[in-house]
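As a plain string of letters, each chain reads:
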Amino acid sequence: MTDMTKEIIALVKGDGSGPEMMAQACAVAIKAAMLDGIEIEFEETPMGWNAYEEYGDTLPQKSLDRTKKLGIVFFGGVGDPKFDNTIGIKRPEMKPEKRVLLGLRKEMDLLVNHRPVRFYEELAHLSIVKMPAQNMTQLWYRFLLQDVYLGNDDLIHLIPEEVSAKIGLKLKQDVIGNEKIVSNIAYFTRDQLVKYFRIVFSRAEEMKLPLVVIDKSNITALDTYWRLIAEEISKEFPDVSVSFQYVDAAAMLIVTNPEMFNAVIATQNLQGDILTDLANALISIGLMHSYAVNPDNGAAMFESGAGTAPTLAGKDVANPLGRILTAAMMLRHIGAPNGANAIEKAVSQVLTEGYRTGDLFQKGIDDPSKLLGTSTMGEMVLSYI
Ligand code: IPM
Ligand code: MN
């Protein structure tokens, strides 16, 4: 083919089973992007415990600078309890969940985290709860900055030392115990909430779907503010039907009535972290796919959000489909919609034909001859593109 456009993407292979799954997802992404005339080159920017040995840092400055420069990162996941319990004890500030993930979110200003949950009819038998009768997708949009995740890091300097000492307000990593009160700051700013809600309302309008806004506004001031801004922005979108749910009720309804969330869903940072795991686990967390984006400049991090499956590492059994579906989102973002569609279609086809990784396999129902490992599942998807 002539006229291929080259796209360089930062690649973090990650910890645990990350590298095994990412090998498959990268091969799929490269092949699929060609359908749109894009030649992807992955450039490794090591991060996580795997980077520590060589660089003495889980977020090496060089990797961070290069990632920010490239603007798009395909991320295999970081974290491994094995290292948390060795190096992490001596250097807790190096724990990659916070240092790398929150670091990248903050440095790249990744405000919105999209986590669609697709319910495949052919996997309905896996669920212990009542599943939707047909294919359906919940479009989760998680507010990814501020909240309790970044409150201390962003704001603790604003609190006079004598006050913070008195109430025991400390950065998480400084807390050793024995404090009378330990406190974290959670916060939202008006401008970020307004920006975020305009994005989710626009998305609902485009998709002609209702919007469900989740919070705990029956209790906290923070949540009340969140809901007030949502109500304010809803006036700009008279065609979008919006409803509100308290987070505890939402958790229950995801399980008892998942169809209710056949919608665009607005959720906060911490609450969304919990609810999106729950929604994905109705089928398998191994299918979780996700990305976080800076809506102002398009910088984005493509990460499945499902963790690194450290206990499966090196065994070639972790499910690569979450990473592969994440690659599809990445292709759509870089202007390769045909490749994105081809990946999603290939995954559906593989599942329809009964191929399963261990997490998707149900004894007595699924065909044992179609039980695949990480690499054979990846190769199966690749062959359908
Ligand atoms: C996620 C993860 C992260 C989060 C952790 C590892 C910092 O659980 O992306 O969902 O809580 O956001
Ligand atoms: Mn999570």
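Residues numbered from 1 in each chain as written. Chains lettered and ligands numbered in written order. Predicted model: local features only at pLDDT ≥ 70, side-chain atom pairs only at ≥ 80, totals over all residues. Heavy atoms only, no water.

Draft legend 1. A look at the overall build of the protein. In terms of helices and strands, the protein carries 15 helices and 10 strands. Relative to the compact-globule value of 21 Å for 385 residues, the protein shows a C-alpha radius of gyration of 21 Å, a close match. Once the C-alpha set of the protein is aligned to its principal axes, its extents read approximately 65 × 55 × 50 Å. Taken over 385 residues, the protein has a buried fraction of 52%. Element-wise, carbon and sulfur atoms account for 55% of the exposed surface of the protein, whose accessible area totals about 17100 Å². Between the averaged position of the 38 positive side-chain charges in the protein and that of its 50 negative side-chain charges there is a distance of 2 Å. (Helix = DSSP H or I, 4+ residues; strand = E, 2+ residues; numbered from the N terminus. Rg over C-alpha atoms; globule rule 2.2 N^0.38 Å. Buried < 20%, exposed > 50% of the residue type's maximum accessible area, 1.4 Å probe, protein only. Areas by Shrake-Rupley, 256 points an atom, 1.4 Å probe, with all protein chains shown as cover. Lys, Arg positive; Asp, Glu negative; His and termini not counted. Charge placed at Lys NZ, Arg CZ, Asp CG, Glu CD.)

Draft legend 2. Summary view of the pattern of salt bridges. For the coordinates displayed, the defined rule picks out 17 salt bridges. Glu-44 is paired through a salt bridge with Lys-13; the nearest N and O atoms lie 3.2 Å apart. Here the residue Glu-44 occupies a position in strand 2 (residues 38-44), and Lys-13 occupies one in the loop between strand 1 (5-12) and helix 1 (18-33), the gap between them amounting to 31 residues. Taking the relative accessible area as the measure of exposure, Glu-44 reaches 45% and is therefore partly exposed. Salt-bridge contacts for Arg-91 lead to Glu-93; the nearest nitrogen and oxygen are separated by 3.1 Å. The class of Glu-93 is partly exposed, set by a relative accessible area of 34%. (Salt bridge = Lys/Arg side-chain N within 4 Å of Asp/Glu carboxyl O.)

Draft legend 3. Here's a closer look at the packing of aromatic side chains. The tally for this structure, following the rule as stated, stands at 13 aromatic pairs. Geometrically, the ring pair formed by Tyr-196 and Phe-197 is edge-to-face, given 5.0 Å between the ring centres and 75 degrees between the ring planes. We note that Tyr-196, like Phe-197, is buried. Through successive ring pairs, a cluster of aromatic residues spans Phe-143, Phe-188, Tyr-196, Phe-197 and Trp-226. If you follow Arg-142 out to its NZ or CZ, it ends over the ring of Tyr-149, 5.4 Å from the centre. (Phe/Tyr/Trp six-rings, centres within 6.5 Å; stacked < 30°, edge-to-face > 60°. Lys NZ or Arg CZ within 6 Å of the ring centre and 35° of its normal.)

Draft legend 4. Structural detail: the sheet that holds strand 3 (residues 72-75). Taken in spatial order, the 10 strands of this open sheet run 2-1-3-10-9-4-5-8-6-7, and their pairing is mixed. In the strand order of this sheet, the two ends are held by strand 2 and strand 7 (242-246), each with one partner. Averaged over all adjacent pairs, the angle separating strand axes in this sheet is 25 degrees, with direction ignored. Two strands pair when backbone bridges link them, and strand 5 (residues 136-143) and strand 8 (residues 264-267) are joined in this way by 4 bridges, in the parallel orientation. (Pairing = 2+ DSSP bridges. Axes fitted to C-alpha atoms, helices over the stretch in contact; angles between N-to-C directions.)

Draft legend 5. Here's a closer look at the environment of Val-78. Considering the arrangement of structural elements, one finds Val-78 in the loop between strand 3 and helix 4 (81-84). For Val-78, a relative accessible area of 7% corresponds to the buried category. Once the C-alpha coordinates of Val-78 and Glu-97 are considered, the two residues, 19 residues apart in sequence, prove to be 6.4 Å apart. The contacts of Val-78, once residues within four sequence positions are left out, are Asp-15, Met-47, Gly-48, Pro-96, Glu-97, Val-100, Leu-101 and Thr-308. (Contact = heavy atoms within 4.5 Å.)

Draft legend 6. Inspection of the domain arrangement of the protein at higher detail. Split by domain assignment, the protein resolves into domain 1 (1-108 + 299-385) and domain 2 (111-146 + 188-292). In this assembly, 27 residues from domain 1 lie in contact with 22 residues from domain 2. A combined buried area of about 2000 Å² lies between domain 1 and domain 2, and 59% of that area is made up of carbon and sulfur atoms. Taken as a group, Arg-105, Met-329 and Leu-360 account for 27% of the area that domain 1 buries against domain 2, more than any other trio of residues on that side. Between domain 1 and domain 2 we count 0 salt bridges in total. At the boundary of domain 1 and domain 2, one finds 7 residue pairs in polar contact (both at pLDDT 80 or more). Top element by residues in the side of domain 1 that touches domain 2 is helix 13 (residues 321-333). It accounts for 5 residues. Residue classes in the side of domain 1 that touches domain 2 are distributed as 13 nonpolar, 8 polar and 6 charged. (Domains from an automatic or database assignment. Buried area = accessible area lost by both parts, 1.4 Å probe. Polar contact = N/O pair within 3.5 Å; in protein donor to acceptor, adjacent residues only side chain to side chain. Nonpolar A, V, L, I, M, F, W, Y, C, P; charged D, E, K, R; others polar.)

Draft legend 7. Quick peek at helix 9 (residues 190-207). Between its first and last C-alpha, helix 9 extends 26 Å over 18 residues, near the 26 Å set by a 1.5 Å rise per residue. When helix 9 is considered as a whole, its buried residues turn out to be Gln-192, Leu-193, Val-194, Tyr-196, Phe-197, Val-200, Phe-201 and Ala-204. Lining the buried residues of helix 9 we find strand 4 (112-119), strand 5, strand 6 (211-215), helix 10 (221-234), strand 7 and strand 8. At the C-terminal side of helix 9, Lys-208 shows a positive phi close to 50 degrees. (Expected span 1.5 Å × (residues − 1).)

Draft legend 8. Main features of the pairing of strand 10 (residues 300-303). Covered by surrounding structure in strand 10 are Ala-300 and Phe-302 together with Met-301 and Glu-303, the residues of both alternating faces. Summarising the sheet, strand 3 and strand 10 pair through 4 bridges and their orientation is parallel. Across the sheet, Ile-72 pairs through a bridge with Ala-300, a residue of strand 10. Here strand 9 (residues 291-293) pairs with strand 10 via 3 bridges, running antiparallel.

Draft legend 9. Molecular detail of the nonpolar core. Counting residues in hydrophobic clusters, the biggest one holds 107 residues, and the most contacted among them are Phe-74, Phe-75, Tyr-196, Phe-197 and Leu-331. Among the domains, domain 1 (1-108 + 299-385) and domain 2 (111-146 + 188-292) are the pair contributing at least three residues each to this core. Beyond its immediate stretch of four places on either side in the chain, Tyr-196 contacts Leu-111, Val-112, Tyr-141, Arg-142, Phe-143, Trp-226, Ala-266 and Thr-267. (Core = buried A, V, L, I, M, F, W, Y, C linked by side-chain atoms within 4.5 Å.)

Draft legend 10. Summary view of the packing of helix 14 (residues 337-352) against helix 15 (residues 374-383). At their nearest, the axes of helix 14 and helix 15 sit 8 Å apart, and the two run at 120 degrees to each other. Viewed along their axes, helix 14 and helix 15 adopt a mutual orientation that is oblique. Helix 14 and helix 15 meet at a crossing whose hand is right-handed. On helix 15, the residues that touch Ala-346, Val-347 and Val-350 of helix 14 are Met-377, Met-380 and Val-381. In terms of residue class, the contact of helix 14 with helix 15 is made up of 6 nonpolar, no polar and no charged. (Parallel < 35°, antiparallel > 145°, perpendicular 65-115°, else oblique. Left-handed = near helix turned anticlockwise from the far one by under 90°.)

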